[in-house]
Amino acid sequence: MTGHQESRTLELGVQGMTCASCVGRVERGLKKVEGVGDVVVNLATERATVTYDPATTSPQALLDKVKDVGYEPVTSTLDLGIQGMTCANCVNRVERALKKVDGVLNASVNLATERATVQYLPSAVSPGQLKAAVRDSGYGVLEAAAGQDRSDVEREAKEREVQALRRSVLFSAVFAAPLLLLAMLPMLWMPAEMWLTEHLGSGLNWLMLALALPVQFGPGRRFYRQGWAALRHRSPDMNTLVMIGTSAAFFYSLAVTLFPQVFPAGTAHVYYEASAVVITLILLGKYFEAIAKGRSSEAMKKLLGLQVRTARVLRGGSELELPTDEVLVGDIVSVRPGEKIPVDGELVSGSSYVDESMITGEPVPVAKEAGAGVVGGTINQTGAFQFRATKIGADTALAQIIKLVESAQGSKPPIQGLADTVVAVFVPVVLGIAALTFLAWMLFGGPQALSYALVNTVAVLIIACPCAMGLATPVSVMVGTGKAAELGVLFRNGAALESLQAVQVVALDKTGTLTQGRPQLTDFVVLPGFERAGVLSLIASAEERSEHPIARAVVEGAKREGLSLSEPQSFEALPGFGLAATIQGRQVNVGADRYMQQLGLDVTALQPQATRLGDEGKSPLYAAIDGQLAAILAVADPIKAGSLEAVQALHAQGVRVAMITGDNAGTANAVARQLGIDTVLAEVLPTGKSDAIRRLQAQGQQVAFVGDGINDAPALAVADVGLAIGTGTDVAVETADVILMSGDLRGVPNALALSRATLNNIRLNLFWAFAYNIVLIPVAAGALFHALGWLLSPVLAAAAMGFSSVFVLSNALRLRGFRPPV
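Parameters at a glance
Here, residues in each chain are numbered from 1, in the same order as that chain's written sequence. The predicted nature of this model means local features are confined to residues of pLDDT at least 70 and side-chain atom pairs, given and counted, to a pLDDT of 80 or more, with totals for whole chains, interfaces and linings taken over all residues. Side-chain calculation: all heavy atoms of the structure are included, whereas hydrogens and water are not. Axes here mean lines fitted to C-alpha atoms, for a helix over just the part in contact, with angles spanning 0 to 180 degrees between N-to-C directions. Put simply, DSSP marks the helices as runs of H or I at least four residues long and the strands as runs of E at least two long, and each gets a number from the N terminus on. Here is the rule for angles: anything less than 35 degrees is roughly parallel, anything more than 145 is roughly antiparallel, 65 through 115 is roughly perpendicular, and the remaining ranges are oblique. By convention, the crossing between two helices is left-handed when the near helix turns anticlockwise from the far helix through less than a right angle, and right-handed when the turn is clockwise. Any two residues whose heavy atoms approach within 4.5 Å at even a single point are treated as in contact. Here the nonpolar group is Ala, Val, Leu, Ile, Met, Phe, Trp, Tyr, Cys and Pro; Asp, Glu, Lys and Arg are the charged ones; every other residue, Gly included, is treated as polar. Burial classification: accessible surface area is computed with a 1.4 Å probe over protein chains only, and a residue below 20% of its type maximum counts as buried, one above 50% as exposed, and the rest as partly exposed. Stacked, edge-to-face and tilted are the three classes for Phe, Tyr and Trp ring pairs, Trp counted by its six-membered ring, which pair at centre distances within 6.5 Å; planes under 30 degrees apart are stacked, over 60 edge-to-face, the rest tilted. Charges are assigned to positions over rings by a cutoff of 6 Å between ring centre and Lys NZ or Arg CZ, combined with an angular limit of 35 degrees from the ring normal. Paired strands are those between which DSSP finds at least two bridges. UniProt positions are given in the numbering used here, feature names are shortened, and annotations may be inferred rather than shown by experiment. Expected helix span is taken as 1.5 Å per residue step, with the number of steps being one fewer than the number of residues. We define a salt bridge as a contact between a side-chain nitrogen of Lys or Arg and a carboxyl oxygen of Asp or Glu at a distance within 4 Å.

Section: the packing of helix α16 (residues 467–486) against helix α29 (residues 794–813)
Here comes step 1: Packing of α16 against α29 brings their axes to within 8 Å, and their N-to-C directions diverge by 15°. The angle between the axes of α16 and α29 places the two elements in the roughly parallel class. In the crossing of α16 with α29, the sense of the turn from one axis to the other is right-handed. Here C467, A468, L471, A472, V475, S476 and V479 of α16 come into contact with α29, specifically with M801, S804, S805, V808, L809, A812 and L813.
Here comes step 2: Classifying every residue of the contact of α16 with α29 by side-chain character gives eleven nonpolar, three polar and no charged.

Okay, here's the thing in structure tokens:
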């Protein structure tokens, strides 16, 4: 152990230990971590107490070691609603406060959602300690009362904030507007100056003080409260800049009003309008910002709005209306036409059509009969039915979707790291620039040096508020992931949203992704002299005894056409050739061309059709009835509707498309030809799919893999981005980064296009936020005064600062109008 820093003791929960040898393995593993001193593992409490040097190792390294030796460390995640954050520096301060707490592994704070997500060790720290850390850093924690929904609490808090800002803006404007007129009118119109000088004289300054005072210490009090707290924690933020800037203008003006004789001739000017109007404009910007933030979470509101509050449950022979959270698994729930389905379940009686568009993104209502599954939050349209509840509470598909969207909206994409790095040093640098501005004007400003120094310093402090920087990324992520959810695409986190836009190759699983995943009878042609329905009925009757997938496809094809099947009098399977059966006294033979040749039948007349079917990736078979060649039929796994459009759309986006399949090369190449796929990796074993992804990545390209999320898990994990094609009822695909709820491949180009649109939106926001400061801070400092005679008024600086935040928010809201390419 190194001596320069005190060691720490940490308690870790460890799951999976069953005996003393497990204890020994965990202890030995932890002791091997550099910087670890003492380790005590208790089997009864399932905890490890570790003494370590924080300069050498971290809690995360200890967790990784526990996993490495084969056990599962116990961690928890807590979401906290944070009140009082106004800019990127606030975000950094809350994050730092949380990360300082022993037992916290990671903390991510989002300005747009006003939420903190904390990963921590429940054995080492409690939720109460985390909330206390937030409060100690100068911010509030939003808490729901017993039985109150957190989303309702957050919505009410945001509504109160908007109303409070509206009242503050109106109050400030009532005083700031006449104050601005008194200050500006004499400059613009000489008679006004003469009248005011004649009738008010020095009383004008006292009148302006009377108008400025209520603004400075009424609505402006919030900047003192939050700005001083930030200074006290040595983390100055936007509020600090506004506090210092407006205070400088106000108290300088107060000194001029009280002691005008102290100031040199020509310097006794007051700037009350600067402080009052700046406060009013900044509050107006915050008001618009709060309204825009509310609009940015529109998609989440729609999802939350799908949640049903009550359900009609059959218990004890009667129908009871209960809160949805009191429904139990196994309860029979009744649903009438036009009602929302309260929880997930399975129909036991009745039938209807259900609108599942908000869950799957598919607009066409789905027919439901006994045995069919229904999803909570979807809308019953026509009939009444009863269903058995199978998933309730947090296990429902809707709850999982909401959790995934919230998680994605609260996470940070890697591009956010750039903004975080700049913001960490931004405000202290601005304070330094402001000090240099004041000093430079005092030294070189001439007779009115003090006035120039004050005005330009205040302008620098006001123009540089880092609100736009803090909002640039999270609002775009929030709107983008919300829009994605509306389209049936779930991004697991911000990193997935950013990674997808850089993808150069999309690799697709064939069976179940490009194709429907089950063979079907696709072609059936009878020769002259035979009747189609009769021949198909005989063939299907013969095939019904076989369990082969091709046989199943033929039987299902006949049943779809409403044909009745007969029991064979005799049946014989001939491996590698086909089958022979006697049906209603007639001899039926079905099999490949070599089987027909063995029977002495010439298939030459059907050869062109057989060649065509083979080129289409279908398996041609022949049928003979009573020793005569009767028909050619083909079975294939049909291509899914939308697969061709999806591949074409990906090509239009400049992306190469690869197909990975276990099928033989002939079938795979036939499917690839039909769809225009660029690269085919055929005859790949299920365990070899991840190696196939690595081969594509070895060509130096970013690869996304699209699979069904169950047997494709290793490939989804290896790919740069894994997209799982699932359904709205199966959204918890752990290995996928992106989940396509509708099961439609067209979601892939849509997700890619939305990812690119969102990242372009973020880049534009970050460019605006940074460029705005880089260009305007020197102007505010007076860099153009000697060349062009330009100075930036603090009032204009406040307007520009407010506009920058509103611009970033408005730009992010454009994503709500995103149109998917397919």
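Thoughts on the environment of P214
Here comes step 1: Summarising the element assignment, P214 is placed in helix α7 (residues 203–217).
Here comes step 2: Judged by relative accessible area, which is 23%, P214 ranks as partly exposed.
Here comes step 3: Sequence separation between P214 and F171 is 43 residues, and the spatial gap between their C-alpha atoms is 8.9 Å.
Here comes step 4: Apart from the residues within four sequence positions on either side, P214 is in contact with F171, F175 and P219.

Side note on the packing of aromatic side chains
Here comes step 1: Evaluation of the coordinates by the stated rule reveals twelve aromatic pairs.
Here comes step 2: Judged by centre distance (5.7 Å) and plane angle (20°), the ring pair of F217 and Y224 falls under stacked.
Here comes step 3: Centre to centre, the rings of F217 and F250 are 5.5 Å apart; their planes meet at 85°, and the pair counts as edge-to-face. With F217 in helix α7 and F250 in helix α9 (residues 238–258), the pair connects residues that are 33 residues apart, well separated along the chain.
Here comes step 4: Looking at R594, its charged tip hangs above the ring of F577, at a distance of 5.8 Å from the centre.

Some remarks on unusual backbone geometry
Apart from glycine, the bulk of residues carry a negative phi angle, and the bulk of peptide bonds sit in the trans form.
Here comes step 1: Not every positive phi belongs to a glycine, and Q584 is a case in point at roughly 50°.
Here comes step 2: Looking at the element boundaries, Q584 is found in the loop between β22 (578–583) and β23 (586–591).

Let's talk about the sheet that holds strand β6 (residues 104–110)
Here comes step 1: If you trace the four strands from one edge of the open sheet to the other, you get β6-β7-β5-β8, paired in antiparallel fashion. In the strand order of this sheet, the two ends are held by β6 and β8 (140–142), each with one partner. Neighbour to neighbour, the strand axes of the sheet diverge by 35° on average, direction disregarded.
Here comes step 2: Of the strand pairs in this sheet, strand β5 (residues 76–83) and β8 are connected by three bridges, and their pairing is antiparallel. In the sheet register, I82 faces β8, and the bridge partner there is V141.

What about the UniProt feature "transmembrane region" (unreviewed entry) in the protein?
Here comes step 1: Under the local residue numbering, the UniProt record ascribes the feature "transmembrane region" (unreviewed entry) to residues 168–191, 203–220, 241–263, 269–288, 422–444, 450–473, 766–785 and 791–813.
Here comes step 2: End-to-end, the C-alpha atoms of residues 269–288 are 33 Å apart, and along that stretch the chain is 85% helix and 0% strand.
Here comes step 3: Between the first and last C-alpha atoms of residues 791–813 the distance is 33 Å; the span itself is 87% helix and 0% strand.

Remarks on helix α27 (residues 747–781)
Here comes step 1: In this model, α27 (35 residues) spans 51 Å end to end at C-alpha, consistent with the 51 Å of a helix rising 1.5 Å per residue.
Here comes step 2: Trailing α27 by a residue or two, G782 shows a phi angle of about 100°, which is positive.

Points about the packing of α16 against α27
Here comes step 1: Taken N-terminus to C-terminus, the directions of α16 and α27 make an angle of 165°; their axes are 9 Å apart at the nearest point. Classed by the angle they form, the pair α16 and α27 counts as roughly antiparallel. For α16 against α27, the interelement crossing comes out right-handed. Across from A468, M469, A472, T473, S476, V477, G480, K483 and A484 in α16, the residues of α27 making contact are L754, T758, N761, I762, N765, L766, A769, F770 and N773.
Here comes step 2: Residues that form the contact of α16 with α27 fall into these classes: ten nonpolar, seven polar and one charged.

Details of the pattern of salt bridges
Here comes step 1: One pass over the full model with this rule turns up 18 salt bridges.
Here comes step 2: With a closest N to O distance of 2.6 Å, D331 and R315 form a salt bridge. Of this pair, D331 sits in the loop between β10 (318–323) and β11 (332–335) while R315 is found in strand β9 (residues 310–315), placing the two residues 16 residues apart along the sequence.
Here comes step 3: You can call R315 partly exposed: its relative accessible area is 28%.
Here comes step 4: In this structure, R694 and D691 form a salt bridge, with 3.0 Å as the shortest nitrogen-oxygen distance. Of this pair, R694 and D691 both sit in helix α25 (residues 689–697), three residues apart, which is roughly one turn of that helix.
Here comes step 5: Judged by its relative accessible area of 43%, R694 falls in the partly exposed class.
Here comes step 6: Residues joined in a network through salt bridges with shared partners are R312, E319, R336 and E339.

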